[in-house]
Amino acid sequence: MSTAELKQGGALPELKVTPDRYLTVRYAGASGDFNPIHTDEEFARAAGNPSVFGHGMLTAAFVGKCVTDYVGAENLRRFKVRFATRVWPGDSITCKGKVTKKYEHNGEKRIDGEVLALNQKGEVAVSGTFSAALPTRN
């Protein structure tokens, strides 16, 4: 894709993920966040939840991957997210986004964009924004 193809309003390719309990436990190990509400069914139920649920930062990572798959991690300049609802084991998550602005900053060509992680009900789990340098592609 050439930088000329990146247009305001252009869509990022969607990323689809179905997190399960195994992925949540792996994320707990990688992040060091061993809060039992994410991995211990009894604990989660005692806290008033129907089940364990995924870490918000894991869902944010899915959205981040949607962005970096598009622009490349080395080009990401800013990434900001807001958590809206929990993600439960087996939810179908669709991450998508769009370019909202194309501009130049300190001599660097950039884009700004918006991203979302939606569950199978269409509910927003995570929303966010990003800025990225335009990737050089042939």
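An account of the accompanying structure is given in this report.

Rules used in this analysis
Residues numbered from 1 in each chain as written. Predicted model: local features only at pLDDT ≥ 70, side-chain atom pairs only at ≥ 80, totals over all residues. Heavy atoms only, no water. Helix = DSSP H or I, 4+ residues; strand = E, 2+ residues; numbered from the N terminus. Buried < 20%, exposed > 50% of the residue type's maximum accessible area, 1.4 Å probe, protein only. Lys, Arg positive; Asp, Glu negative; His and termini not counted. Salt bridge = Lys/Arg side-chain N within 4 Å of Asp/Glu carboxyl O. Polar contact = N/O pair within 3.5 Å; in protein donor to acceptor, adjacent residues only side chain to side chain. Core = buried A, V, L, I, M, F, W, Y, C linked by side-chain atoms within 4.5 Å. Contact = heavy atoms within 4.5 Å. Arc of directions from axis to C-beta. Phe/Tyr/Trp six-rings, centres within 6.5 Å; stacked < 30°, edge-to-face > 60°.

1. Examining the side chain of Asp112
Now for step 1: Here Asp112 shows up in strand β4 (residues 108–118).
Now for step 2: Buried charge Asp112 goes without a salt bridge, the closest partner of opposite sign being Arg78 at 4.4 Å.
Now for step 3: Within the local environment of Asp112, its side chain forms a polar contact with the side chain of Tyr103, the two groups lying 2.7 Å apart.

2. A look at the pattern of salt bridges
Now for step 1: Counted by the stated rule, this structure contains six salt bridges.
Now for step 2: Residue Glu14 pairs with Lys16 through a salt bridge whose shortest N-O separation is 3.6 Å.
Now for step 3: What makes Glu14 partly exposed here is its relative accessible area of 47%.
Now for step 4: Classification of Lys16 as exposed rests on a relative accessible area of 60%.

3. Looking at the nonpolar core
Now for step 1: Core analysis: the largest hydrophobic core is formed by 23 residues, its most contacted members being Leu12, Cys95, Ile111, Ala117 and Phe130.
Now for step 2: Among the secondary structure elements, those contributing two or more residues to this core are β1 (15–17), α3 (56–71), β3 (93–105), β4 and β5 (124–133).
Now for step 3: In terms of residue count, the dominant contributor to this core is α3 (seven residues).
Now for step 4: Ignoring anything within four residues of it in the chain, the contact list for Phe130 reads Leu12, Val67, Leu76, Arg78, Phe79, Lys98, Ile111, Asp112, Gly113, Glu114 and Val115.

4. Concerning helix α1 (residues 21–31)
Now for step 1: Residues of α1 that are buried: Thr24, Tyr27 and Ala28. The buried side chains of α1 occupy one side of the element, clustering within an arc of 105° when seen end-on. In α1, the exposed positions angled more than 90 degrees off the buried face are occupied by Tyr22 and Ala30.
Now for step 2: Considering only its buried residues, α1 is in contact with α3.

5. As for the packing of aromatic side chains
Now for step 1: A complete count under the given rule lists one aromatic pair for this structure.
Now for step 2: Pairing Phe53 with Trp88 gives two aromatic rings, centres 5.6 Å apart and planes at 70°, and the pair type is edge-to-face. Of this pair, Phe53 sits in the loop between α2 (41–46) and α3 while Trp88 is found in the loop between β2 (76–83) and β3, placing the two residues 35 residues apart along the sequence.
Now for step 3: Taking relative accessible area as the criterion, Phe53 reaches 9% and is therefore assigned buried.
Now for step 4: Under the relative-accessibility criterion, Trp88 is labelled partly exposed at 24%.

Function cannot be read off these values alone, since they describe shape.
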